[in-house]
Amino acid sequence: MPRFVAFWARFLKNFIIAAVLLLSPGLSGAVAVTLSEDDETVVWLAPAVRPSVLPQIAQGVRHPVPVAPLLIDTVQLAQAPRIVATPDRRALMGKGDRIVVEGDLHGVAEFRIVRPSLKLRDPLSGEHLGDEVIPLGKTVLRREGAGGAHSFIITSSTQEITPGDLLIRDAAPVANSIAIRSGATVDARIISIAGGVVHAAQNQVVGINKGGRDNVAAGMSLALYATPEPHRAAAKNAQQQASGPPEHESGRLLIFRVYDRVSYGLITGSVEALQVGDKALAPSTEYTPH
């Protein structure tokens, strides 16, 4: 009986020592304790010593890449070929799947797959400025059908693709050759926020109701003004909301994509939440956060 107790006492002692060593901070590598067959000798395994430090992987600084929604006009939306079916009648499709498309291809073999998202209107004049579409992926023609039904294969996808989605050619932004003028007169309103959210802040993309025809150019910096809450509560329409004079600058907007009637910019700094209807004006002073 005493030998039995002594055996378990030694076993418990060695187990505790091994556990402490394994959990000790600052050790690089594994440490183990092994009992010999005669239960008298403890063999210690220590980590090997490296002759040099491990190579450090250089990590570059990652900057946010602004992504603007695609914008198409009413005619392009109406004439876009449409996905009507899949050979195996699946409801959701992705990369590598075959799709059946109806519509006039106009000799084009590669398309972008999109889904209509938002109709943009000028908050002051009510003019239809275009339609935002959500990019879903890309597809290439596999076999053109004589009766208007064409076979395509999806080459890339970022979201599930369903029957009813549209095929469009890349909507090219306006090639704006107008020189950027620091004192250019711009009086715009935010008409959309990328992602469908209600409030926008720094590093988010917003659209404004001014474009190339209004002398807006990529690289232009605009001052943002959030509408004061009392004016928001009292506003019954966009024009009434816009009548409130801006009190102080709420942030800056860097324009990076320009269409004919709409532009998209990245909010590079903000001190207040911004919403659709807020102002984007030519800045009068250098931006300093409050």
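Residues numbered from 1 in each chain as written. Predicted model: local features only at pLDDT ≥ 70, side-chain atom pairs only at ≥ 80, totals over all residues. Heavy atoms only, no water.

(A) Region of interest: the packing of aromatic side chains. In the structure shown here, the tally under the stated rule is 2 aromatic pairs. Ring centres of Tyr 259 and Tyr 264 lie 6.2 Å apart, and the angle between their planes is 85°; on these two criteria the pair is classed as edge-to-face. On the accessibility criterion, Tyr 264 (1% relative accessible area) is buried. (Phe/Tyr/Trp six-rings, centres within 6.5 Å; stacked < 30°, edge-to-face > 60°. Buried < 20%, exposed > 50% of the residue type's maximum accessible area, 1.4 Å probe, protein only.)

(B) Quick peek at the pattern of salt bridges. According to the stated counting rule, one finds 8 salt bridges in the structure shown. The partner of Arg 261 in a salt bridge is Glu 127, with the nearest N and O atoms 3.4 Å apart. Of this pair, Arg 261 sits in the loop between strand 13 (251–258) and strand 14 (263–270) while Glu 127 is found in the loop between strand 6 (110–121) and strand 7 (128–143), placing the two residues 134 residues apart along the sequence. Judged by relative accessible area, Arg 261 falls into the partly exposed class, the value being 24%. For Glu 127, a relative accessible area of 28% translates into the label partly exposed. Across the pair Glu 249 and Arg 252 runs a salt bridge, and its minimum N-O distance is 2.5 Å. Overall, the relative accessible area of 10% leaves Glu 249 in the buried class. Look at Arg 252 and you get buried, because its relative accessible area is 9%. (Salt bridge = Lys/Arg side-chain N within 4 Å of Asp/Glu carboxyl O. Helix = DSSP H or I, 4+ residues; strand = E, 2+ residues; numbered from the N terminus.)

(C) Expanded view of the side chain of Asn 209. You can see Asn 209 is positioned in the loop between strand 11 (205–208) and strand 12 (221–225). Judged by its relative accessible area of 3%, Asn 209 is buried. Only 3.1 Å separates the side chain of Asn 209 from the side chain of Asp 122, close enough to count as a polar contact. A distance of 2.7 Å separates a polar atom in the side chain of Asn 209 from the backbone nitrogen of Arg 189. Contact partners of Asn 209, with chain neighbours within four places excluded, come to Asp 122, Pro 123, Leu 129, Ala 188, Arg 189, Ile 191, Asp 214 and Arg 261. (Polar contact = N/O pair within 3.5 Å; in protein donor to acceptor, adjacent residues only side chain to side chain. Contact = heavy atoms within 4.5 Å.)

(D) Region of the structure containing the confidence of the model for the protein. Here the protein shows a mean pLDDT of 77. Residues at 70 or above account for 67%. Averaged over each element, pLDDT in the protein is lowest for helix 4 (residues 238–242) (47) and highest for strand 11 (94). The model gives residues 25–37 a pLDDT under 50, and that stretch makes 26 contacts with residues more than four places away or in other chains. Across residues 238–242, confidence stays below pLDDT 50; counting only partners more than four residues off in sequence or on other chains, it has 14 contacts. (pLDDT = per-residue confidence, 0-100.)

(E) Region of interest: the sheet that holds strand 14. Reading around the circumference, 10-11-14-13-12-15 is the order of the 6 strands in this closed barrel, with antiparallel pairing throughout. Sheet twist, expressed as the mean angle between neighbouring strand axes with direction ignored, is 45°. Strand direction decides the pairing type here: strand 10 (residues 187–193) and strand 15 (residues 279–281), joined by 3 bridges, are antiparallel. In the sheet register, Asp 187 faces strand 15, and the bridge partner there is Leu 281. (Pairing = 2+ DSSP bridges. Axes fitted to C-alpha atoms, helices over the stretch in contact; angles between N-to-C directions.)

(F) Structural detail: unusual backbone geometry. We note that His 106 has phi near 55°; this positive angle belongs to a residue other than glycine. One can find His 106 in the loop between strand 5 (98–102) and strand 6.

(G) Layout of the side chain of Ser 192. As for its position among the elements, Ser 192 is in strand 10. Its relative accessible area of 3% is what places Ser 192 among the buried residues. Within the structure, the side chain of Ser 192 is placed 2.8 Å from the side chain of Glu 132, a separation counted as a polar contact. Ignoring anything within four residues of it in the chain, the contact list for Ser 192 reads Leu 118, Leu 120, Glu 132, Val 206, Gly 207, Tyr 264 and Val 276.

(H) Quick look at a nonpolar patch on the surface. On the surface, Trp 8, Phe 11, Leu 12, Phe 15 and Ile 16 cluster together into a nonpolar patch covering about 530 Å² of accessible area. Assignment of secondary structure puts Phe 11 in helix 1 (residues 2–23). (Patch = residues over 30% accessible without salt bridge, like charges linked within 9 Å, V, L, I, M, F, W, Y side chains within 5 Å. Areas by Shrake-Rupley, 256 points an atom, 1.4 Å probe, with all protein chains shown as cover.)

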